[in-house]
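Below are the chains, spelled out letter by letter.
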Amino acid sequence: MVIWEALGSVLIGLAVAYGASRWRPHRLPARPLVLSTGPGAALLGALIAHTVLGSGHAVAVLTVALGFAAALLSLLIRPAPRTRRRRSVPA
């Protein structure tokens, strides 16, 4: 059962990373970094959740994996570029 949780969490992390890289490519760093961070974060989240909850909680483990992947990918997002506003010269 642990193998399926690990495989499922990696697939969830890859799906989240792929979705993030397609949704906001200009706000994220290099695509290989994003596509490797997602599965790694999901696997770490699944490991922690499995350690805390124990066996028999596959849905909860995969939910935590999804949350970890989303949280770590959100840390990679760069701020939006600021647009300069022109100030009118006082008369």
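Residues numbered from 1 in each chain as written. Predicted model: local features only at pLDDT ≥ 70, side-chain atom pairs only at ≥ 80, totals over all residues. Heavy atoms only, no water.

### Digging into a nonpolar patch on the surface
Point 1. Residues Leu44, Leu47, Ile48, Val52 and Leu53 make up a contiguous nonpolar surface patch of roughly 460 Å² in combined accessible area.
Point 2. Tracing the backbone shows Ile48 in helix H2 (residues 31–53). (Patch = residues over 30% accessible without salt bridge, like charges linked within 9 Å, V, L, I, M, F, W, Y side chains within 5 Å. Areas by Shrake-Rupley, 256 points an atom, 1.4 Å probe, with all protein chains shown as cover. Salt bridge = Lys/Arg side-chain N within 4 Å of Asp/Glu carboxyl O. Helix = DSSP H or I, 4+ residues; strand = E, 2+ residues; numbered from the N terminus.)

### Observations concerning the packing of helix H1 (residues 2–23) against helix H3 (residues 58–74)
Point 1. At a closest axis distance of 9 Å, the pairing of H1 and H3 adopts a crossing angle of 35°. Where H1 crosses over H3, the handedness of that crossing is right-handed. Side by side, H1 and H3 meet where Glu5, Gly8, Ser9, Ile12, Gly13, Val16 and Ala17 of the first sit next to Ala58, Val61, Leu62, Ala65, Leu66, Ala69, Ala70 and Leu73 of the second.
Point 2. Among the residues forming the contact of H1 with H3, the class breakdown is 11 nonpolar, 3 polar and 1 charged. (Axes fitted to C-alpha atoms, helices over the stretch in contact; angles between N-to-C directions. Left-handed = near helix turned anticlockwise from the far one by under 90°. Contact = heavy atoms within 4.5 Å. Nonpolar A, V, L, I, M, F, W, Y, C, P; charged D, E, K, R; others polar.)

### As for the side chain of Ser21
Point 1. Mapping Ser21 onto the fold places it in helix H1.
Point 2. In this structure the side chain of Ser21 is engaged in a polar contact, spanning 2.9 Å, whose partner is the backbone oxygen of Tyr18.
Point 3. Look past the residues within four positions of Ser21 in its chain and what remains in contact with it is Leu28, Arg31, Val34 and Leu35. (Polar contact = N/O pair within 3.5 Å; in protein donor to acceptor, adjacent residues only side chain to side chain.)

### Observations concerning H1
Point 1. Over its 22 residues, H1 extends 31 Å from the first C-alpha to the last, a length consistent with the 32 Å expected when each residue adds 1.5 Å.
Point 2. Along H1, the residues classified as buried are Glu5, Gly8, Ser9, Gly13, Ala17 and Ser21.
Point 3. The elements touched by buried residues of H1 are H2 and H3. (Expected span 1.5 Å × (residues − 1). Buried < 20%, exposed > 50% of the residue type's maximum accessible area, 1.4 Å probe, protein only.)

### Notes on H3
Residue pairs three or four apart in sequence face the same way in an α-helix, which turns once every 3.6 residues.
Point 1. The first and last C-alpha atoms of H3 sit 24 Å apart over 17 residues, in line with the 24 Å expected at 1.5 Å per residue.
Point 2. Those residues of H3 that fall on the buried side of the exposure criterion are Val61, Ala65, Ala69 and Leu73. Looking straight down H3, one finds its buried side chains confined to an arc of 100°; they lie on one side.
Point 3. Structurally, H3 contributes buried residues whose contacts are with H1 and H2. (Arc of directions from axis to C-beta.)

None of the figures reported here should be taken as evidence of function without further support.
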